[in-house]
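Geometric and topological summary
Listed below are the residues making up each chain.
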Amino acid sequence: MPIYHSLGKIPAKRHTVFRKDDGTLYAEELVSTEGFSSLYSLVYHCHPPTIVKDLGEPYNVEPKIAREKHLRHTSLLGFKIKPEADYLKSRKPVLVNSDLHISLAAPQTSMSDYYYKNSQADEVIFIHEGSGTLKTGFGQIPFEYGDYLVIPRGTIYQIHFNTSENRLFIVESFSPIRTPKRYRNAFGQMEEHAPFCERDIKRPTQLETFDEVGDFKVLIKKQGMMYPYTYGTHPFDFVGWDGFHYPWAFSIHNFEPITGRLHQPPPVHQTFEGHNFVICSFVPRMYDYHPLAIPAPYNHSNVDSDEVLYYVDGDFMSRKSVEKGQITLHPGGIPHGPHPGTVEKSIGQAKTEELAVMIDPFRPLMLTQDAVDIEDESYHKSWQTSS
Ligand SMILES: [Fe+2]
């Protein structure tokens, strides 16, 4: 995230002597996602972050593809994903390609006896239900309904939930997650026409230094495998850090919608981008105000991308009978559009209360077995006027 941030104690100059009270040196680490040519932070550990005590047996967590090729409008009933106690086990990839994995999760308990690091992907965790705290070495981020947690790859974290009722919509991105480039000026600052700005970004707070040695289990995901590591030092032993690379959050409720006299195209909803895909937020807003405007979207064939919508709350103007947690996948190559009756119904309406997350990936998505298990098999026929 291109806002400089710093917490804790750091030396006046980088790469210089920085000692603890006992005279030993803090261990400096540079963290980034694209080598030395993009965003980075300098972290100061109480102990070197390299003390491996044990390596467990790695295991495969690659999503199992059930439907690789398809050309059918598809709907998944996301809340049918079964709750599971463990956070990592609760995460079920449903739609995947080589740029991103989309997962659903209903974890019931906080992570307590292990830490997790995704070394292959940045994560965007949308909090549909539940609240809690994201804990990292950079500090803590309290989260609640509507928050997107953005966690750069390589960040060791623990999630603590306030209750057992949690529903998450997760994107793992194999490229760095950014805010849309067209909303940033040459210096990285969000411009005036952007639907959100730096004030809306939740940065880590409350850096707590765990200067502890012992056995610390960190599950590290890389190349579709999970590697159980035991480190000899606490992963949250940062005494301080500064830079532009750190976990952050943004609430969908702080997305200020861009509206117009006539129907605005999907890019006005864009919130994040990765390589070959975008993430958009559809939020409550005033409808188009031309006297003859049709607020419902026109039919469209998104030839160059698939289109995923995750329904969060409110009535969705162009859809009949959608429910919370439902996903629709409209594959590129065939047209889709408003359901019968919804165009007429939208005319003259002043506003919508819809809340949804949209992902447009430019490479086709494959369905996993977990997706097929929660599929509404009749969805592709839902545009029939008799349905
Ligand atoms: Fe669409």
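Summary of the structure given here. (Residues numbered from 1 in each chain as written. Predicted model: local features only at pLDDT ≥ 70, side-chain atom pairs only at ≥ 80, totals over all residues. Heavy atoms only, no water.)

1. A look at the overall build of the protein chain
A tally of helices and strands in the protein chain yields three helices and 29 strands. The C-alpha radius of gyration of the protein chain comes to 22 Å, within 12% of the 21 Å expected for a compact globule of 387 residues. Taking the principal axes of its C-alpha atoms as reference, the protein chain extends roughly 75 × 45 × 35 Å. By the burial criterion, 53% of the 387 residues in the protein chain qualify as buried. Here the contacts in the protein chain between residues at least 6 apart in sequence split such that 76% fall between residues at least 24 apart. Of the roughly 17700 Å² of accessible surface on the protein chain, a fraction of 51% belongs to carbon and sulfur atoms. Both charge centroids of the protein chain, one from 38 positive and one from 48 negative side chains, sit 2 Å from each other. (Helix = DSSP H or I, 4+ residues; strand = E, 2+ residues; numbered from the N terminus. Rg over C-alpha atoms; globule rule 2.2 N^0.38 Å. Buried < 20%, exposed > 50% of the residue type's maximum accessible area, 1.4 Å probe, protein only. Contact = heavy atoms within 4.5 Å. Areas by Shrake-Rupley, 256 points an atom, 1.4 Å probe, with all protein chains shown as cover. Lys, Arg positive; Asp, Glu negative; His and termini not counted. Charge placed at Lys NZ, Arg CZ, Asp CG, Glu CD.)

2. Quick notes on the sheet that holds strand S7 (residues 74–77)
Overall, antiparallel pairing links the six strands, which are arranged S7-S26-S25-S28-S23-S22 in an open sheet. Of all strands in the sheet, those with a lone pairing partner are S7 and strand S22 (270–274), marking the two edges. Within the sheet, the average angular offset between the axes of one strand and its neighbour, ignoring direction, is 15 degrees. Bridge count between strand S25 (residues 307–313) and strand S26 (residues 326–330): four bridges; the pairing is antiparallel. Bridge pairing in S26 links Glu-307 to His-330. (Pairing = 2+ DSSP bridges. Axes fitted to C-alpha atoms, helices over the stretch in contact; angles between N-to-C directions.)

3. Overview of the coordination of the iron ion
Around a metal, the ideal angle is 109.5 degrees if four donors adopt a tetrahedral arrangement and 90 or 180 degrees if six donors adopt an octahedral arrangement. Around the iron ion, the donor atoms from the protein are His-300 (NE2), Glu-307 (OE), Glu-307 (OE) and His-336 (NE2), and they sit 2.1 to 2.5 Å away. Taken together, the four donor atoms surrounding the iron ion define angles of 56 to 149 degrees at the centre, an arrangement classified as irregular. Judged by its relative accessible area of 7%, Glu-307 falls in the buried class. (Donors = N, O, S within 2.8 Å, 3.2 Å for Na, K, Ca; no water. Tetrahedral: all angles 85-135°; square planar, octahedral: opposite > 155°, others 65-115°.)

4. Brief notes about the packing of aromatic side chains
Each aromatic ring pair is characterised by the separation of its centres together with the angle its planes make. What the rule picks out here adds up to 20 aromatic pairs. With 5.1 Å between their ring centres and 55 degrees between their planes, Phe-126 and Tyr-148 make a pair best called tilted. Taken as a pair, Phe-126 in strand S11 (residues 122–129) and Tyr-148 in strand S14 (residues 147–151) lie far apart in primary sequence, 22 residues in all. The class of Phe-126 is buried, set by a relative accessible area of 1%. Their ring planes at 75 degrees and their centres at 5.2 Å tell us that Phe-138 and Phe-238 sit as a pair that is edge-to-face. Of the two residues, Phe-138 sits in the loop between strand S12 (132–136) and strand S13 (139–143) while Phe-238 sits in strand S20 (residues 238–243), which places them 100 residues apart along the sequence. Here the two residues Phe-138 and Phe-238 agree in accessibility, since each one is buried. Here the aromatic cluster, defined as three or more aromatic residues joined through ring pairs, consists of Phe-126, Tyr-148, Phe-196, Trp-248, Phe-250, Phe-255 and Phe-272. Residue placement shows Arg-167 over the ring face of Phe-79; its charged tip is 4.7 Å from the ring centre. (Phe/Tyr/Trp six-rings, centres within 6.5 Å; stacked < 30°, edge-to-face > 60°. Lys NZ or Arg CZ within 6 Å of the ring centre and 35° of its normal.)

5. Observations regarding the nonpolar core
Counting residues in each nonpolar core, the largest one holds 47 residues, and the members touching the most others are Leu-95, Phe-169 and Ile-279. Residues contacting Leu-95, with those up to four places away along its chain left out, are Leu-76, Leu-100, His-101, Ile-102, Val-308, Ile-327, Leu-329, Leu-365, Met-366 and Leu-367. Residues Met-111, Tyr-116, Ile-125 and Ala-249 belong to the second largest nonpolar core, which totals 21 residues. (Core = buried A, V, L, I, M, F, W, Y, C linked by side-chain atoms within 4.5 Å.)

6. Considering the pattern of salt bridges
This model, assessed by the stated rule, comprises 14 salt bridges. Glu-84 is the salt-bridge partner of Lys-92, the closest N and O atoms lying 2.7 Å from each other. Relative accessible area serves as the criterion here: at 25%, Glu-84 is assigned to the partly exposed category. Residues joined by salt bridges that share partners form a network here, namely Arg-91, Glu-123, Glu-172 and Lys-221. (Salt bridge = Lys/Arg side-chain N within 4 Å of Asp/Glu carboxyl O.)

7. A closer look at the side chain of His-336
Within the secondary structure layout, His-336 lies in the loop between S26 and helix H2 (342–346). Polar side-chain contacts of His-336 include one of 3.4 Å to the side chain of His-330. Beyond its immediate chain neighbours, meaning those up to four positions away, His-336 contacts His-73, Asn-299, His-300, Asn-302, Glu-307, Arg-319, His-330 and Trp-383. (Polar contact = N/O pair within 3.5 Å; in protein donor to acceptor, adjacent residues only side chain to side chain.)

Read these as layout, nothing more, since geometry by itself doesn't imply function.
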